[in-house]
Amino acid sequence: MSCYEIEALRLGLMNVLGVGDDSARDHAENELEGYLDGPIEGLANAESLAEVERHLDAALVDLEEEVAAMDDDDPEYDYTRGRLVAVRDAEQAVQRLRAQGGSIVDGLGDAHDTLHETFPVED
């Protein structure tokens, strides 16, 4: 059993953040072998945070549909529901990442304004 969504998210975030951990990338790619299509493929190949969010949302919808279609006595039901919880948690982590990134950008703008207020430039 594998959590395809989480492994694909790891790959996508590695792309976006420029993380070059070859062993983690190899592990994730091995876990995803044969499952790289649809939102999982898009997520694994994402090159922006917006792409990560879009493909993660689509993967989450697919996973929710998978859980809804399962019988609760299916031996994989509990694990699949656990995947759903983990992916929802990951979605929140990505939202926090976007918010923190936005805060950094805003802070840099404030620093720039403060610098110009402190040391005005005459035209």
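Placed above this text is the structure.
Read on for an overview of the structure. (Residues numbered from 1 in each chain as written. Predicted model: local features only at pLDDT ≥ 70, side-chain atom pairs only at ≥ 80, totals over all residues. Heavy atoms only, no water.)

## A few points about the pattern of salt bridges
If you walk through the whole model with that rule in mind, you get five salt bridges. Between E7 and R10 there is a salt bridge, and its shortest N-O distance comes to 3.2 Å. With E7 and R10 both in helix α1 (residues 4-17) and three residues apart, the pair spans about one turn of that helix. Salt bridges sharing common partners tie together E5, E66 and R83. (Salt bridge = Lys/Arg side-chain N within 4 Å of Asp/Glu carboxyl O. Helix = DSSP H or I, 4+ residues; strand = E, 2+ residues; numbered from the N terminus.)

## Details of the packing of α1 against helix α4 (residues 49-69)
Put simply, α1 and α4 touch, their axes get as near as 10 Å, and they point 175 degrees apart. Viewed along their axes, α1 and α4 adopt a mutual orientation that is roughly antiparallel. Residues E5, L9, G12, L13 and V16 of α1 pack against L49, V52, L56, A59 and L63 of α4. (Axes fitted to C-alpha atoms, helices over the stretch in contact; angles between N-to-C directions. Parallel < 35°, antiparallel > 145°, perpendicular 65-115°, else oblique. Contact = heavy atoms within 4.5 Å.)

## A look at the nonpolar core
One finds L9, L32, V52 and V94 to be the most contacted residues of the largest nonpolar core, which totals 25 residues. It is α4 that contributes the most residues to this core, seven residues altogether. Setting aside anything within four residues of it in sequence, one finds V94 in contact with L9, L13, L49, V52, E53 and L56. (Core = buried A, V, L, I, M, F, W, Y, C linked by side-chain atoms within 4.5 Å. Buried < 20%, exposed > 50% of the residue type's maximum accessible area, 1.4 Å probe, protein only.)

## Looking at the packing of α1 against helix α5 (residues 77-118)
Taken N-terminus to C-terminus, the directions of α1 and α5 make an angle of 20 degrees; their axes are 9 Å apart at the nearest point. Judged by the angle between their axes, α1 and α5 are roughly parallel. Considering only the axes of α1 and α5, their crossing is left-handed. Touching Y4, E5, I6, L9 and L13 of α1 are R83, A86, V87, A90, V94 and L97, all from α5. Across the contact of α1 with α5, the residue classes tally to nine nonpolar, no polar and two charged. (Left-handed = near helix turned anticlockwise from the far one by under 90°. Nonpolar A, V, L, I, M, F, W, Y, C, P; charged D, E, K, R; others polar.)

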